[in-house]
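Close look at the chain arrangement
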2 protein chains.
Amino acid sequence: MAQDKKQVEQITDMEVDFAKWFTDVCKKAELIDYSSIKGMFIYRPYGYAIWENIQHILDAEFKKTGHENVYLPMLIPESLLQKEKDHVEGFAPECAWVTCGGADKLEERYCIRPTSETLFCEHYANIIHSWRDLPKLYNQWCSVLRWEKTSRPFLRHREFLWQEGHTMHATAEEAVAETEQMLNIYADFMENVLAMPVVKGRKTDKEKFSGAEATYTVECMMHDKKALQGGTSHYFGDGFARAFGITFTGKDNQPHFPHQTSWGVSTRMIGGIIMTHGDNNGLVLPPRVAPIQVVIIPVAQHKPGVLEANAAVMDRLVKAGFRVKMDASEQSPGWKFAEYEMKGVPLRLELGPKDLEKNQCVLVRRDSGEKVFVSLDGIEQTVAGTLDAIHDGLYAKARKNLEENTYPAYSLAEAKAIQEEKGGFIKTMWCGDLECELKMKEEAGMSSRCIPFEQEHLSDVCPICGKPAKHMIYWGVAY
Amino acid sequence: MAQDKKQVEQITDMEVDFAKWFTDVCKKAELIDYSSIKGMFIYRPYGYAIWENIQHILDAEFKKTGHENVYLPMLIPESLLQKEKDHVEGFAPECAWVTCGGADKLEERYCIRPTSETLFCEHYANIIHSWRDLPKLYNQWCSVLRWEKTSRPFLRHREFLWQEGHTMHATAEEAVAETEQMLNIYADFMENVLAMPVVKGRKTDKEKFSGAEATYTVECMMHDKKALQGGTSHYFGDGFARAFGITFTGKDNQPHFPHQTSWGVSTRMIGGIIMTHGDNNGLVLPPRVAPIQVVIIPVAQHKPGVLEANAAVMDRLVKAGFRVKMDASEQSPGWKFAEYEMKGVPLRLELGPKDLEKNQCVLVRRDSGEKVFVSLDGIEQTVAGTLDAIHDGLYAKARKNLEENTYPAYSLAEAKAIQEEKGGFIKTMWCGDLECELKMKEEAGMSSRCIPFEQEHLSDVCPICGKPAKHMIYWGVAY
C-alpha cells in the first residue's frame, strides 16, 4: 500500500552533519522542495504558512509606524541600475538579465530586481516636490533575484521572498531615526516572536550595503555557533538622491536633497528559526509563528464520545484564537507523534476515554518533551500559559547558547584558536582599518559581524595591528 | 508656495473621452504611476491598498474552502514551458526571456512566468503518488509577466499582480466541481464586495485558456458598455498530467492520471471597479474594499472642542471596525471635499461647532451626493447602514446598466447595428461553429463573451449561418 511508504523517516543527527540535518529538516518537515532550476526553491504550504505569519505580524508593525505598501516593477533597465556607482558594482555581478520580449530582442537589457533602491528613486523623483511630500514611508513585499553560485534552502536562494522598506526624509536626523526604529522593530520581532536573541550593531564599511553610508544589523547565533544576519537597515544619506536628481523645495523655499533609508528581512529568517530551535527529531517552531500551535490527537478514537470530546476541545481553542489541528486520521498514534514532532508543532494535546472520565487531557511540549495532565476546565488559559512558557524556554536556551559561545580575545592567534576549538562569536577591540579586518578573515576565517551598540572596553589597542582601538567588534563564521 | 500647486485638478469628462477619463482617474486618485519601462506600472499606496483588501477577503474564502498558499519560482525553463503544446503556443509569443545570469550566458533560456501551470505540474509530479495525496488545493499570490504590445493602467500591464489557484483531483467530477466552486466564489465576491453584477458562463473554444478543456468566466459591463472579463476558472482534464507524467496509485492499486484546474483574478478587477462605479468627479469605491471608508472633515477646526470631538468620533468608528481617516490639515474644506471625492471615499462625515451643540454630524454619500444630518448617538450603526446602502445603490445602478444594455438580436446585421448605435452585450443563438464566431468578429467587431449558464431560447437557428442553434451566446466589445 502507498500509505506504508509514508513513514516519518529518520533525519541525520545534527552532531553528525549539521548541513545535512538542516536540509533533511527542510525536506521532511515539508517546508521546501527543489525545482528544476538550481537555486530556485519551492515554498511548500507549511513553509509558506510560516512566512505568512511573519508577514502578518511585521506588516502590522510597519503600518503602526506609518508605512504604506506599494508594488514597483520587477525589472530594472540597465541604465537605471547604473546611476549609483557603488550600488551597481555590488549588484550587477549577480543579476539575471532579460534580453528578449516575445520574439523581439530588447534595445536595452533589463535585470530582474536584486533589490529596488533604483526603482524607488526613479519613482520618488516623480512624486517628491515639496517638504509637504515628506516623509515618504514605503514598503514592498515581493521576491528578488540574485544569481548566486551556491544555494541552500532558505539561506541562499537565487529567488527569495522578502520585504524592502524605502523611505525619504527631509533631514538626515529623521532618516537616521527611521533606520534605528526599523532595526528595533526587527530586533523586537526576532526576540519576542521568533524567540531568537540578537546582537544589534553597525556593519563595518567592508560589510555594509552597496551604496549605503551605514548599515545596521541584527546578528543571531545558530545551533552550530555560526552567525546569521537576521535583518538589516541602511542609511543612505543623500547619495542616491543626488545620483537620481531627487530634490524638494524646503520651508526656506530652496531646493534640498532628501535623506534616504532602506531596510529588509527575508525568508532567511525561517532558516534561522530552524537552526536556532530545531533538534534531532526535526523542526521546533516558536509558538507565535507556528502555523499549527496545538495538534490534538484523539486516543482510542473509535470509543464512543472520544472524537466528539476532542472536537469540542478544538472548538474551544479555535474560538480562543489558537491555530489548532486535530488529526483523527487512521495513522497510528506513534506515527502521528513523530509526524508533528518533525513539523515542530509546539504543543500536542492527547485526549482519550480515561482522560474524559477525569475531565482532563495530556499536554506534551515539543521543546522539552515534558508531559503533564491538566484539567479541561480553563484549558484555554492553560494552553496560552504553556505556549508562552515554550516561547520563554526557547528564548532562554538560545540566549544561553549565544552567551556561552561569545568569547573575548586579545590577540589574533587567540581569536583563531577559539574559533577553531569552540566556534562562536569572538569579541575583540579593533582599530577600524580594513587591513586588520581582511587579516582576521584570511588568518582566522572570520568576517566581522558588527560593531555592537553595547560596547565593552576590552583593551586599548587593536589586537591585530597594535594600534589604538576605536571599537569593540564581533567576529564569526557566517551563513 | 509649493502647496498652491497641489490643486485637485479637473479630469476629462467620461462622455468626452472615456479612455482619457479612465487614465486621469488612475493618475489623479493616485492609484498608479508610470515607470520607465513601457507597460510596467507602479501600484501606488492607495491603489495597492485596494488590492490588499481584495487579497484579504479572497484569501479567507480560499482558505475556508481548503486551499493552501505556496510560492513557486518565477522562472520557467523553455523546455518545461514546451511540454504542453497548446499551452506553449498560447504563451510563448508574449514571454520575457532571461538569457544571462551574472556574467554568464545561460545554457537554456528561462521565461518569467506568464502563468504557472507548467511549474505546478513539475512540482505535482514530485509530490503526488497515491490517492491519499489528493486533492492538492494550492494557490499562489504573485506577479506575472506578459510582453504585451499595448498597455493601459490596470487593464493591460506587462507585469500585473494576481492569484493563481492550481488544483489536482482524483476524478474529473471533483475537478469540474472545483472549477464551478471557484467561479462562484469569484462571482459572489464581485457582486457582494465589489458591487459589480456578473454574467456567468463558459468561454467558446476560441476564447478558452491555452491548454484547457473548458474555461468558465464572469463577465462584467463597464460604464461605456464594453465588457471586462472579471475572472476565469479552467478545467484541464488530464491533459497536463499526461504531458508531465503525473500519476497516482488509486484505491484499485492501478496508476491513474489526476484531473486538474486553475483559476485566477488579477488587479484588472481594480480597472473594473473604476469603470463600473466612477464618475466625472473621479473614483467611486465600493465600501467593502475602500481603503478609507469614512473620511472625517472637521469644520471650523480652530474653534475650541472641535478637533477633540472629531477625534472622539473617529475613535468610535475605528473601534467599530471601520477604516477611517480624519483630515485636520490646513487645506480648505473645499479642497478636502474635492480630494476625497476624487479618491472615491464612500462616505464623508463633517462635524463643526454648530453640529456639536445639536449632538449631530453631517454625512455625505459619494455615490449620490446625498447629505443628511444624523445624531451622534449610535453613529456606528448609522455609518454601517449607510455604507451598506451605498453598496446596494452601486450594485443596483450597475445592474441597471447591464440589463438595459443587453439586447437580443436575430441577425448579424441587427447585432452589428445595435453594437454600433448603442453598444452593450448582444445575445444571439449560435450554432457553435468557429466560422460564425469569426464572422461576428470581422463584420460586427464583437468577440464572444460567454455562453451563459442561464440560457434563453431566442430562436431555433444561428442568425449568422442559419444552421440549427446549440446555445445562446453573449457578444460584446471587450477590454
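Just so it is clear, the model here is predicted, and its values are computed rather than measured. (Residues numbered from 1 in each chain as written. Chains lettered and ligands numbered in written order. Predicted model: local features only at pLDDT ≥ 70, side-chain atom pairs only at ≥ 80, totals over all residues. Heavy atoms only, no water.)

A closer look at the side chain of Glu94(B)
Formally: Numbering of helices and strands runs from the N terminus; a helix is a DSSP stretch of H or I covering at least four residues, while a strand is a stretch of E covering at least two. The buried label applies to any residue whose accessible area, calculated with a 1.4 Å probe on protein chains only, is under 20% of its type's maximum; exposed applies above 50%, and partly exposed to all values in between. Note that His is not counted, nor are the chain ends; the positive residues are Lys and Arg, and the negative ones are Asp and Glu. Whenever Lys or Arg places a side-chain nitrogen within 4 Å of a carboxyl oxygen from Asp or Glu, that contact is recorded as a salt bridge.
Considering the arrangement of structural elements, one finds Glu94(B) in the loop between helix H5 (85–91) and strand S5 (96–101). Among buried charged residues, Glu94(B) stands out as having no salt bridge; its nearest opposite-charge side chain is Arg146(B), 4.2 Å away.

Considerations on the pairing of strand S15 (residues 294–298) of chain A
Sheet faces and side chains relate simply in a regular strand, where the side chains alternate between the two faces. Residue and element names in this part refer to chain A. Put simply, the rule is: Here a strand pair is declared whenever DSSP counts at least two bridges between the two strands. Handedness rule for crossovers: strands pointing away from the viewer, path from the first strand over the helix to the second running clockwise, crossover right-handed.
Among the five residues in S15, five count as buried, and that is most of the element. On S15, burial covers both faces: Val294, Ile296 and Pro298 on one face and Val295 and Ile297 on the other are all buried. Bridging between S15 and strand S16 (residues 324–326) involves three bridges; their strand directions are parallel. What sits directly across from valine 295, in S16, is lysine 325. For the handedness criterion, the β-α-β arrangement of S15, helix H10 (residues 306–319) and S16 is classed as right-handed.

Considerations on the relation of the copies chain A and chain B
Heads up, the rule is: Superposing copies: least-squares fit, C-alpha atoms only, residues required to have pLDDT of at least 70 in both. Contacts are residue-level and defined by heavy atoms, with any inter-residue pair within 4.5 Å sufficient.
Mapping chain A onto chain B calls for a rotation angle of 180° and an axial translation of 0.0 Å; the resulting RMSD is 0.0 Å. Given the turn and translation reported, the copies of this chain are related as if by a two-fold rotation axis. When C-alpha positions in chain A are compared against the rotation axis, the closest is assigned to Val98(A), at 2.1 Å. In this assembly the copies share their binding face: 100% of the residues contributing to the interface of chain A also contribute to that of chain B.

Some points on the packing of helix H14 (residues 412–421) of chain B against helix H15 (residues 434–444) of chain B
All names here are of chain B. We apply this condition: The axes used here are C-alpha line fits, helices contributing only the stretch in contact, and every angle between their N-to-C directions lies in the interval 0 to 180 degrees. Reported orientations rely on four angle classes, namely roughly parallel under 35 degrees, roughly antiparallel over 145, roughly perpendicular from 65 to 115, and oblique for the rest. Crossings are classed by handedness, with left-handed meaning an anticlockwise turn of the near helix from the far one by less than a right angle and right-handed meaning a clockwise turn. Ten residue types, Ala, Val, Leu, Ile, Met, Phe, Trp, Tyr, Cys and Pro, are classed as nonpolar, four, Asp, Glu, Lys and Arg, as charged, and the remainder, Gly among them, as polar.
At a closest axis distance of 10 Å, the pairing of H14 and H15 adopts a crossing angle of 45°. As the angle between them shows, H14 and H15 are arranged oblique. When the axes of H14 and H15 are compared, the crossing they make is right-handed. Mapping the contact onto sequence places Leu412, Ala415, Lys416 and Gln419 in H14 and Lys439, Met440, Glu443 and Ala444 in H15. Residue classes in the contact of H14 with H15 are distributed as four nonpolar, one polar and three charged.

Focus on the nonpolar core
The test is simple: Residues enter a nonpolar core if they are buried and are Ala, Val, Leu, Ile, Met, Phe, Trp, Tyr or Cys, with the set joined through side-chain atoms within 4.5 Å.
Leu75(A), Ile112(A), Ile274(A), Leu75(B), Ile112(B) and Ile274(B) are the most contacted members of the largest nonpolar core, which totals 151 residues. Broken down by element, the residue count for this core peaks at nine residues, all from helix H7 (residues 172–192) of chain A. In this structure, Ile112(A) is in contact with Met74(A), Leu75(A), Ala96(A), Val98(A), Leu145(A), Met74(B), Leu75(B), Val98(B) and Ile112(B), ignoring residues within four places of it in sequence.

Remarks on the interface of chain A and chain B
For the record, the criterion: Using a 1.4 Å probe, buried area is obtained as the accessible area two parts lose upon being combined, added over both of them. Under this definition, polar contacts are N or O atom pairs within 3.5 Å; protein pairs additionally need one hydrogen-donor-capable and one acceptor-capable atom, and for neighbouring residues in sequence, both atoms have to be side-chain atoms.
Taken residue by residue, the interface counts 57 residues in chain A and 57 residues in chain B. Each partner contributes to the roughly 4800 Å² buried at the junction of chain A and chain B, and carbon and sulfur atoms together form 59% of this total. In terms of surface lost to chain B, no three residues of chain A exceed Pro45(A), Tyr71(A) and Met74(A), which account for 13% of the buried area on that side. On the surface where chain A and chain B come into contact, there are four salt bridges. Among the ionic pairs, Glu52(B) bridges to Lys63(A), the shortest N-O distance being 3.0 Å. Taken together, chain A and chain B are joined by 25 residue pairs in polar contact (both at pLDDT 80 or more). When residues of the side of chain A that touches chain B are assigned to their parent elements, the largest contribution, six residues, is made by strand S5 (residues 96–101) of chain A. With five bridges connecting them, S5(A) and S5(B) associate as antiparallel partners. Looking at the pairing, Gly101(A) lines up with Ala96(B) of S5(B).

As for the sheet that holds strand S21 (residues 425–430) of chain B
Residues and elements named next belong to chain B. The 11 strands lie next to each other as S3-S7-S8-S14-S11-S10-S9-S22-S23-S21-S20, forming an open sheet whose pairing is mixed. Among the strands making up the open sheet, the edge pair consists of strand S3 (68–69) and strand S20 (406–408). One ladder, built from five bridges, connects strand S11 (residues 227–237) with strand S14 (residues 259–266); its direction is antiparallel. When the bridges of S14 are listed, histidine 234 appears paired with serine 262. Its contacts with the sheet put helix H9 (residues 268–277) on strand S10 (214–221), S11 and S14, and the angle it makes with S11 is roughly 145°. Packing of H15 onto the sheet brings it into contact with S21, strand S22 (447–452) and strand S23 (471–476), and relative to S21 it is tilted by some 155°.

Concerning empty space enclosed by the protein
Residue and element names in this part refer to chain B. Quick note on the threshold: Of the grid points, spaced at 1 Å and generated over the protein atoms alone, those admitting a 1.4 Å probe that cannot get out make up cavities, while open sets with protein on both sides within 12 Å along at least five of seven lines make up pockets; any residue with an atom within 4 Å of a point is treated as lining. Grid points are joined across faces, edges and corners, and a volume is the space filled by probe spheres set on the points.
Enumeration over the complete set of coordinates arrives at two cavities of 30 Å³ or more. By volume, the second largest cavity is sized at about 30 Å³. Together, Lys206, Glu207, Glu437, Leu438, Lys441, Met446, Ser447 and Ser448 line the second largest cavity. Put simply, the parts of the chain that give the lining of the second largest cavity at least two residues each are H15 and S22. With three residues, the top contributor of residues to the lining of the second largest cavity is H15. Considering only residue class, the lining of the second largest cavity consists of two nonpolar, two polar and four charged.

A short note on the UniProt feature "domain: Aminoacyl-transfer RNA synthetases class-II family profile" (unreviewed entry) in chain A
Filter applied, for reference: UniProt positions are given in the numbering used here, feature names are shortened, and annotations may be inferred rather than shown by experiment.
UniProt feature "domain: Aminoacyl-transfer RNA synthetases class-II family profile" (unreviewed entry): in the numbering of this structure it lies at residues 39–286 of chain A. For residues 39–286 of chain A, the helix share is 32%, the strand share is 32%, and the end-to-end C-alpha distance is 27 Å.

Structural notes on unusual backbone geometry
Put simply, Leu134(A) and Pro135(A) share a cis peptide bond, and its omega is -5°. Considering the arrangement of structural elements, one finds Pro135(A) in the loop between helix H6 (117–127) and strand S7 (136–145). With a phi angle near 75°, Lys225(B) is a residue other than glycine that sits in the positive phi range. Here Lys225(B) lies in the loop between S10 and S11. If you check the backbone angles, Asn359(B) has positive phi at about 55° while not being a glycine. Following the sequence through the fold, Asn359(B) ends up in the loop between helix H12 (353–357) and strand S18 (360–365). Accessibility expressed as a relative area gives 31% for Asn359(B), which makes it partly exposed.

Considering the pairing of S23(B)
Residues and elements named next belong to chain B. Counted residue by residue, S23 has six buried out of six residues, so it is predominantly covered. Looking at chain direction, S21 and S23 are connected through five bridges and run antiparallel. In the sheet register, isoleucine 426 faces S23, and the bridge partner there is tryptophan 475. Relative to S23, S22 is paired through three bridges, and the arrangement is antiparallel. Bridge pairing in S23 links cysteine 450 to tyrosine 474.

Some thoughts on the sheet that holds strand S8 (residues 159–169) of chain A
Residue and element names in this part refer to chain A. Taken in spatial order, the 11 strands line up as S3-S7-S8-S14-S11-S10-S9-S22-S23-S21-S20 in an open sheet, and their pairing is mixed. Edge positions in the sheet fall to strand S3 (68–69) and strand S20 (406–408), since each of these pairs with one other strand and no more. Taken together, the eight bridges between S8 and strand S14 (residues 259–266) define a ladder with antiparallel strand orientation. From the neighbouring strand, methionine 168 faces S14, where its bridge partner is glutamine 260. The sheet contacts of helix H9 (residues 268–277) involve strand S10 (214–221), strand S11 (227–237) and S14, and relative to S11 the element is tilted by about 145°.

Describing the side chain of Asp133(A)
Residues and elements named next belong to chain A. The topology assignment puts aspartate 133 in the loop between H6 and S7. Lysine 136 is the oppositely charged side chain nearest to the buried, salt-bridge-free aspartate 133, at an N-O distance of 5.1 Å. A polar side-chain atom of aspartate 133 sits 2.8 Å from the main-chain amide nitrogen of histidine 129.

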